[in-house]
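Working through the structure, step by step
This is what each chain is made of:
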Amino acid sequence: MIFGKLQRSVTGAAKTLRVWQVHRVRNITAYTGTSLTELPPNAAAFIKNSEEMCQPDKVHICDGSNVENRWLTEKLVAQGTLSPLKKYENCWLARTNPSDVARVESKTFICTENKDEAVVGSLGNWISPENMKTAINQRFPSCMKGRTMYVIPFSMGPVGSPLSKVGIEITDSPYVVESMRIMTRIGIDVVHQLQKNAEFVKCLHSVGRPENGIVEFPAWPCDPARTIILHKPDENFIASYGSGYGGNSLLGKKCFALRIGSTIAKREGWLAEHMLILGITNPQGEKIYVAAAFPSACGKTNLAMMTPTLPGYKIECVGDDIAWMRFDENGQLRAINPEYGFFGVAPGTSKETNPIAMQTIFKNTIFTNVASTSDGGVYWEGLEKEHSADVAITDWLGKPWTKGSSKTPAAHANSRFCTPATQCPIIDPAWEDPRGVPISAILFGGRRPKGIPLVYEARSWAHGVFIGASMRSESTAAAEHTKKVIMHDPFAMRPFFGYNFGKYLEHWLSMENRGKVPKIFHVNWFLKNKDGKFMWPGFGENSRVLDWVFRRVKGENCAKDSAIGFVPSEGALRTDGLDNLPESLDKLFDLPKDFWLQEVSEIEKYFETEIGNHLPNAVTKELTYLKERISKM
Ligand code: O2Y
Ligand code: MN
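A short note on helix α10 (residues 252–268)
Its 17 residues give α10 an end-to-end C-alpha distance of only 19 Å, which falls more than 12% under 24 Å, the value for a rise of 1.5 Å per residue. Counting buried residues along α10, 14 of its 17 residues qualify, which places the element largely inside the surrounding structure. Of the residues one or two after α10, G269 is the one with positive phi, at around 85 degrees.

The following block contains the structure:
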């Protein structure tokens, strides 16, 4: 028990808690909002223990109200963390410490008794319970001195849905509170939910304090040298220290919804996945829902909000990053988006690439590490056409920046908008349905410049699981990997597995025995020709691929077999109106034998070194079958 010693000092009764809360709330002088009084004893104990360890000056239990949010904004502006973006309604710019700009995978750990339970090979980092305790004790004691400790009760998923889960995040960052208010459902409804069901995930976060006491950027305190993100699945506990950025600090997202979420999902028989969810309606008015797993920064937000070019099609967005899916009583797989907002990559987002995002993000949004403009707006790479020359630009570091002559990008490559999902003009009418939406197809995909066709379909569920396990993609800026290398990223979950990947595969395989499994496809929008040009226009034109997927789900005979799975039969992929492909369509379905021999050999090596004897037989069989088919090509 991480909090062993402190736990004993807590009296568990709700009555005691109320007295304590009133006392604490009285300490908060500037805040006049509602206090929350009825947390269950286990929640009170978590708060009390955290307070005793972190020694904040004040404790503030968040109610999620507008008044509270305005109070926090004033504080953030006063300390220089946020500045107003006057061009828009209620939009704010945050500039971080330049050493705190992305998730840090190398400092992210899963804690279990035995290493095997948590990770295999290089898929994640393991830490023992003793070392986790030490890591916490080296960092958290007194880390909130001079600061306020905020307590955020939040729900991942619609409050009260049988598919949702509650968390409590404790943080000393008002920026995190404001961002969590956008990204999750917070407030009194969640407290009422906690009263009905006292189960919650404990999320402890501090931006930390450097050991030498020197805070380099007072507007963005952090401790990059000692940053650590710890997960203890058997206690549903997350402790994150040293970073205020994104996935490191908004603990509902990657830490809870994926890493801890996947372990809960395994125990309870469902799936917590790094997937967007979209609804697609065809010209006949029929609608299906599709979930899609692509690695970080591979265009999930763009696909989730796509404007289809194929006439008569409509896309509606349920979520852009995470899907929680489980079978209902009729064996139908249903999904919710556990989040309440979008934390999207800004660079590359424009009226051309994602007009829907552009209609979503210019009110009630926090922008982080984008460039700013002299008329009170934002700027990033991709907005060149939307920016007038008489407006001066300041880069993400606060330095003057000139288009054409400045040598570095104006916005950080991992700069973000944090914006409410409710503002998305194509948010799906069922996006908050507590039952979730029915999933008919799952897409896997990645950035593959060579060899992987535009789309292919798995022959069976087990084949689909193999395809997910074999996923690879060119690395991006979302994490520490800066070089362009083709990395293995199984199920787009490489940085997010909460437990042994072999066991994860077994869990996926077992889904077939739990209900009617959806069809699985693999897509690749990123093929390049020998001149380095993209061979497929992507974006809205991807509706042509979704059209084929839709027709396959409906049972249309529009596929032919290939060595790697089913591909569109002659003429089945709609190309009407698509006149300017740089290469013939056939090139998008080329299966070069040399490439595939190399690919299966890479996959085999990866499975051997990374999964070893945890690899389920069903997946080994799929690999053998693929090898045979390729050798006969
Ligand atoms: O660098 C970060 O902390 C952001 S990571 C992120 C944010 C939104 C959606 N997905 C991701 C990701 O890394 O997959
Ligand atoms: Mn993501």
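And the narrative resumes.
Some remarks on the sheet that holds strand β18 (residues 341–345)
Reading across from one edge, β2-β3-β19-β24-β18 is the order of the five strands in this open sheet, with mixed pairing throughout. Only two strands of the sheet have a single partner each, and these edge strands are β2 (82–84) and β18. Neighbour to neighbour, the strand axes of the sheet diverge by 25 degrees on average, direction disregarded. Relative to strand β19 (residues 366–368), strand β3 (residues 92–94) runs parallel, the two being bridged by three bridges. Paired with A94 across the strands is T368, a residue of β19.

Some points on the coordination of the manganese ion (ligand 2)
Those donors, K254 (NZ), H274 (NE2) and D321 (OD), are the protein atoms that reach the manganese ion (ligand 2), and they lie 2.2 Å from it. For the manganese ion (ligand 2), the single-chain donor residues occur in sequence as K-x19-H-x46-D. Of the two residues, K254 is situated in helix α10 and D321 in the loop between β15 (314–319) and β16 (323–327); the sequence distance between them amounts to 67 residues. The burial state of K254 is the same as that of D321; both residues are buried.

Considerations on the pattern of salt bridges
If you walk through the whole model with that rule in mind, you get 38 salt bridges. The closest approach of N and O atoms between K165 and E268, which form a salt bridge, is 3.0 Å. Of this pair, K165 sits in strand β7 (residues 165–171) while E268 sits in helix α10, and the two are 103 residues apart along the sequence. The exposure class assigned to E268 is partly exposed, which follows from its relative accessible area of 36%. Of the charged contacts, one joins D561 and R629 as a salt bridge, the two residues approaching to 3.1 Å between their closest N and O atoms. Placement of D561 in strand β30 (residues 559–561) and of R629 in helix α17 (residues 617–631) is noted, with a sequence separation of 68 residues between them.

Some remarks on the site of ligand 1
In the neighbourhood of ligand 1, 15 residues make up the surrounding shell, with R103, G247, K254, S296 and N414 lying closest. Within the side chain of R103, one N or O atom sits 2.8 Å away from an oxygen atom of ligand 1. The contact in question runs from an oxygen atom of ligand 1 to an N or O atom on the side chain of H274, over 3.1 Å. Put simply, the parts of the chain that give the shell around ligand 1 at least two residues each are α9 (246–249) and α10. Among the residues forming the shell around ligand 1, the class breakdown is five nonpolar, five polar and five charged.

Here's the deal with the confidence of the model for the chain
Summary statistics for the chain give a mean pLDDT of 92 and a share of 93% for residues scoring 70 or more. Within the model, pLDDT remains below 50 along residues 1–34, and this stretch shows 60 contacts once partners closer than five positions in the same chain are excluded.

Overview of helix α7 (residues 174–183)
The buried fraction of α7 amounts to nine of the ten residues, a majority that puts the element mostly inside the structure. Residues P174, Y175, V176, V177, E178, S179, M180, I182 and M183 constitute the buried set of α7.

Considerations on the packing of aromatic side chains
For the structure shown, the criterion picks out 30 aromatic pairs. Centroid distance F362 to F367: 6.0 Å. Interplanar angle 25 degrees. Geometry classified as stacked. For F367, a relative accessible area of 0% puts it in the buried group. Ring geometry for F444 versus W508: centroids 6.0 Å apart, planes at 50 degrees, classification tilted. Of this pair, F444 sits in strand β25 (residues 437–445) while W508 sits in helix α14 (residues 501–510); the two residues are 64 residues apart in sequence, bridging distant segments of the chain. For the residue pair F444 and W508, the accessibility class agrees, reading buried in each case. Directly above the ring of F566 sits R552, whose terminal nitrogen or CZ lies 5.8 Å from the centroid.

What about the environment of S440?
Relative to the elements of secondary structure, S440 occurs in strand β25. Residues S440 and E457, 17 residues apart in the sequence, show an inter-C-alpha distance of 13 Å.

A few points about the sheet that holds strand β21 (residues 378–379)
Pairing between the strands of a sheet comes from backbone hydrogen bonds, and it takes one of two forms, parallel or antiparallel. Spatially, the four strands line up as an open sheet ordered β21-β20-β22-β23, and their pairing is antiparallel. Of all the strands in the sheet, the pair left with one neighbour each is β21 and β23 (400–401).

A few points about the environment of L573
Within the element layout of this structure, L573 appears in the loop between β31 (566–568) and α16 (593–611). A relative accessible area of 5% places L573 in the buried class. Sequence-distant contacts of L573, defined by excluding residues within four places in its chain, comprise L454, W536, R544, V545, W548, P568, L585 and F589.

Rules behind the numbers
Residues numbered from 1 in each chain as written. Chains lettered and ligands numbered in written order. Predicted model: local features only at pLDDT ≥ 70, side-chain atom pairs only at ≥ 80, totals over all residues. Heavy atoms only, no water. Helix = DSSP H or I, 4+ residues; strand = E, 2+ residues; numbered from the N terminus. Expected span 1.5 Å × (residues − 1). Buried < 20%, exposed > 50% of the residue type's maximum accessible area, 1.4 Å probe, protein only. Pairing = 2+ DSSP bridges. Axes fitted to C-alpha atoms, helices over the stretch in contact; angles between N-to-C directions. Donors = N, O, S within 2.8 Å, 3.2 Å for Na, K, Ca; no water. Salt bridge = Lys/Arg side-chain N within 4 Å of Asp/Glu carboxyl O. Near = heavy atom within 4 Å. Polar contact = N/O pair within 3.5 Å; in protein donor to acceptor, adjacent residues only side chain to side chain. Nonpolar A, V, L, I, M, F, W, Y, C, P; charged D, E, K, R; others polar. pLDDT = per-residue confidence, 0-100. Contact = heavy atoms within 4.5 Å. Phe/Tyr/Trp six-rings, centres within 6.5 Å; stacked < 30°, edge-to-face > 60°. Lys NZ or Arg CZ within 6 Å of the ring centre and 35° of its normal.

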